[in-house]
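Now for the letters of each chain:
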Amino acid sequence: RQESSKTLPYREPALASLFSFFGPFNPIRARADPIARYVFLAARFFGLALIVPIIEEVFWRGFLMRYLIDDRKWENVPIGTFSSLSFLVVTILFALVHPEFLAAIVWGASINLLLVQTRNLWATIVAHGVTNLLLGLYILQSGAWKLW
């Protein structure tokens, strides 16, 4: 596959420039040995679809949302408790650590709503995992390596 030199239209140029000195990592080009390529991709997808969703959801929505509601007894705050401040802060902070800021704002707010509606952290973990899996498949299909 040819790697596109075009920047996707929704990519924020200011944030993209912060990471541009690394360049996009293309595992297909970087690994000549097919076995090494498949091992890398399997490990990458394992992290992308299983490990990252668990860690991020436990931190952002299992801990931080509740901590912002009651920093002294956050563990007593039920999962999915709504607070405008915690909802907004977690959405913005989540988006700031992802290079696609606008997409992350929309996705972060949506996953926060899912938690408030279901009051189930596993629902957000599964949604996050499925979303990351689909993103990874899109990256492989399209060659949009900058989205890794």
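Structural data are supplied above this passage.
Residues numbered from 1 in each chain as written. Predicted model: local features only at pLDDT ≥ 70, side-chain atom pairs only at ≥ 80, totals over all residues. Heavy atoms only, no water.

Some details on the overall build of the protein chain
A tally of helices and strands in the protein chain yields 6 helices and 0 strands. Moving toward the C terminus, one meets the helices and strands of the protein chain in the order α-α-α-α-α-α. Evaluated residue by residue, the protein chain yields a buried proportion of 33% over its 148 residues. Contacts in the protein chain between residues at least 24 apart in sequence constitute 60% of all its contacts with a sequence separation of at least 6. If you sum the accessible surface of the protein chain, you get close to 9100 Å²; carbon and sulfur atoms cover 69% of it. (Helix = DSSP H or I, 4+ residues; strand = E, 2+ residues; numbered from the N terminus. Buried < 20%, exposed > 50% of the residue type's maximum accessible area, 1.4 Å probe, protein only. Contact = heavy atoms within 4.5 Å. Areas by Shrake-Rupley, 256 points an atom, 1.4 Å probe, with all protein chains shown as cover.)

Section: the pattern of salt bridges
Taken as a whole and assessed by the stated rule, the structure comprises 1 salt bridge. Residue E57 is joined to R61 by a salt bridge in which the shortest nitrogen-to-oxygen separation is 2.5 Å. Remark: R61 and E57 occur in helix α3 (residues 34-69); sequence separation between them is 4 residues, near one turn of the helix. R61 matches E57 in its accessibility class, with the two residues each being buried. (Salt bridge = Lys/Arg side-chain N within 4 Å of Asp/Glu carboxyl O.)

Observations regarding a nonpolar patch on the surface
Side chains of L88, I92, L93, L96 and V97 sit close together on the surface and give an oily, nonpolar patch of about 440 Å² of accessible area. If you trace the backbone, L93 turns up in helix α4 (residues 84-96). Relative accessible area serves as the criterion here: at 34%, L93 is assigned to the partly exposed category. (Patch = residues over 30% accessible without salt bridge, like charges linked within 9 Å, V, L, I, M, F, W, Y side chains within 5 Å.)

Some remarks on α4
Taking 1.5 Å of rise per residue, the 13 residues of α4 would be expected to cover 18 Å, and the 18 Å separating its terminal C-alpha atoms lies within 8% of that figure. S86, F87, V90, T91, F94 and A95 are the residues of α4 that are buried. One side of α4 holds all its buried residues, which, seen down the axis, span an arc of 150°. Of the exposed residues in α4, those oriented more than 90 degrees away from the buried face are S84, L85 and L96. Buried residues in α4 make contact with α3, α5 (101-118) and α6 (121-142). (Expected span 1.5 Å × (residues − 1). Arc of directions from axis to C-beta.)

Focus on the environment of L134
Tracing the sequence through the fold places L134 in helix α6. The spacing of L134 and A49 is 85 residues in sequence and 8.8 Å in space, taken between C-alpha atoms.

With respect to the packing of aromatic side chains
Aromatic rings considered in pairs are described by the distance between their centres and by the relative angle of their planes. This structure, assessed with the given rule, holds 7 aromatic pairs. Between F59 and F63, the aromatic rings sit 6.0 Å apart at their centres with planes inclined by 35°, giving tilted as the arrangement. Linking F59 with F63, this pair stays in helix α3, spanning 4 residues, or about one helical turn. Residues F94 and W107 carry aromatic rings whose centres are separated by 5.5 Å and whose planes lie at 25° to one another, so their mutual orientation is stacked. (Phe/Tyr/Trp six-rings, centres within 6.5 Å; stacked < 30°, edge-to-face > 60°.)

A look at the packing of α5 against α6
The interhelical angle for the contact between α5 and α6, taken along N-to-C directions, is 150°, at an axis separation of 8 Å. Regarding the angle of α5 to α6, the classification is roughly antiparallel. α6 is crossed by α5, and the crossing has right-handed handedness. Here α5 contributes W107, I111, L114, L115 and T118 to the contact with α6, which in turn contributes L121, A123, T124, A127, H128 and T131. (Axes fitted to C-alpha atoms, helices over the stretch in contact; angles between N-to-C directions. Parallel < 35°, antiparallel > 145°, perpendicular 65-115°, else oblique. Left-handed = near helix turned anticlockwise from the far one by under 90°.)

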